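Coordinate inspection notes
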Amino acid sequence: SSAFVSVQTINTRVALRQAECNVHKLSHCNTTTCHFRNIISTLPYHHGWSSTIRLQAASNNDNYNENETSDVSIINGKTIRSTSTSAATVMPRPDPSILISAQDDESQQNSIGFITVSLLIGTFICVQIFTLLQNILLPFPQFWNNIVYPFLLPIPLGVIFILTGLSHFVLKDVYTSIVPPKGTWGGLWNVPAPGMDLLGLTYQEYHAYWTGCAELGGGLLLVGCALGISWLDAVPNAVPAALLGLLVAVVTPSNVYMYTHDALMGGDGGDEMNIPRIPYPEGHYNRGIVQCILLSGFWQLTFH
């Protein structure tokens, strides 16, 4: 069966979490009456507030498919009507009150300091692991110097950054939604956007576009150097590796913003773009580890 639902505007997060929504209108394609079998989940998002309520519909004779659900999205208090869909996992979002963004300004700034130190320590540890791997576990200098550093590391990394850079333009909203607004973290984030008004861009678009250009250019330069393109013969891999390493460090605040504010790639439209949601908080811990590995990889390419 399929259901077409209109949900009354929900005005408070408490009402949202308790799923105390009133059904104004219900139409059913094959039956005259229908009731909600079960409310599976309802959770808030980070900005404004939004939720996806997953409902199982059943006809009055209780013959229904347990795997068939209707998704009802409520975004910033606005009613969204649903069409029937197959069951999908709704990633739970944290209560906004437990986020770092809910703390006072000084506590937020202290948290950012702690996160920064943790990333630096994690990167240092990853560099030591790389060194251990190179000198003890795989002590083959020719393998590292003739294969890994010239080709095996730079070419895949370069391709990844080329594709990521292009995606900043093709999927702009994915990145603008995770650019920290000015004044974030108790006023700690005040990165300027020179020429923003002249270019007719928002603050978020400005930073999404220039970082996309930098990733695309850095990736092309890294791949070009690794492949030995003639006009890049005089440029060692260490140059684009160092530039991309700095770029990774520069864009790290966006990843931190996702953790501190539960910012979602694509914002409220991320589900429509099928962007996987990051589990909170363990998904961000894993991202932090990947960030340290990436930074240490560029360190090795630069200073090996």
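Structure report, in brief. Residue numbers restart at each chain and count upward from 1, following the sequence in its written direction. Residues qualify for local features only when their pLDDT is at least 70, as the model is predicted, and side-chain atom pairs are given and counted only at 80 or more; totals for whole chains, interfaces and linings, by contrast, use all residues. Heavy atoms throughout the structure, all of them, feed into the side-chain values; hydrogens and water do not.

Overview of the overall build of the protein chain
In this text, helices come from DSSP runs of H or I with a minimum length of four residues, and strands from runs of E with a minimum of two, each type numbered from the N-terminal end. Scanning the protein chain from terminus to terminus reveals 10 helices and 7 strands. We call a residue buried when its accessible area falls under 20% of the maximum for its residue type, exposed when it is over 50%, and partly exposed in between, using a 1.4 Å probe and counting protein chains only. For the protein chain, with 304 residues in total, the buried portion stands at 42%. Taking all contacts inside the protein chain whose residues are at least 6 apart in sequence as the whole, residues at least 24 apart take part in 62%. Of the roughly 16200 Å² of accessible surface on the protein chain, 62% is carried by carbon and sulfur atoms. Any two residues having at least one pair of non-hydrogen atoms within 4.5 Å are treated as being in contact. Only the protein chains shown count as cover for residues, and the accessible areas themselves come from Shrake-Rupley with a 1.4 Å probe.

A look at a nonpolar patch on the surface
A surface patch of nonpolar side chains, about 800 Å² in accessible area, is lined by Leu132, Leu133, Ile136, Leu137, Leu138, Phe140, Phe143, Ile147 and Leu152. Those elements that place two or more of their residues in the nonpolar patch are helix 2 (105–137) and helix 3 (141–152). In terms of residue count, helix 2 provides more of the nonpolar patch than any other element does, 4 residues in total. A patch consists of residues whose relative accessible area exceeds 30% and which take part in no salt bridge; residues with like charges are grouped when within 9 Å of each other, and nonpolar side chains (Val, Leu, Ile, Met, Phe, Trp, Tyr) when within 5 Å. The rule for a salt bridge is simple: a side-chain nitrogen of Lys or Arg has to be within 4 Å of a carboxyl oxygen of Asp or Glu.

Focus on the packing of helix 8 (residues 203–227) against helix 9 (residues 238–261)
All axes are obtained by fitting lines to C-alpha atoms, using only the stretch in contact for helices, and the reported angles, taken between N-to-C directions, cover 0 to 180 degrees. Contact geometry of helix 8 with helix 9 gives a least axis separation of 9 Å together with a crossing angle of 155 degrees. On the basis of the axis angle, helix 8 is roughly antiparallel to helix 9. Crossing angle aside, the handedness with which helix 8 passes helix 9 is left-handed. Where helix 8 approaches helix 9, its residues Trp210, Thr211, Ala214, Glu215, Gly218, Gly219, Leu221, Leu222 and Cys225 are matched on the opposing element by Pro240, Ala241, Leu243, Leu244, Leu247, Val250 and Val251. Roughly parallel refers to an angle under 35 degrees, roughly antiparallel to one over 145, roughly perpendicular to one between 65 and 115, and oblique to any angle outside these ranges. Less than a right angle of anticlockwise turn of the near helix away from the far helix marks a crossing as left-handed, whereas a clockwise turn marks it as right-handed.

A look at helix 4 (residues 154–170)
In a helix, the anticipated span is given by 1.5 Å times the number of residues less one. Here helix 4 is 17 residues long and its end C-alpha atoms lie 24 Å apart, about the 24 Å a rise of 1.5 Å per residue gives. For helix 4, every residue scored as buried is listed here: Pro154, Leu157, Gly158, Phe161, Ile162, Gly165, Ser167 and His168. Tucked into the core, helix 4 has its buried residues touching helix 3, helix 5 (172–176), helix 8, helix 9 and helix 10 (282–303).

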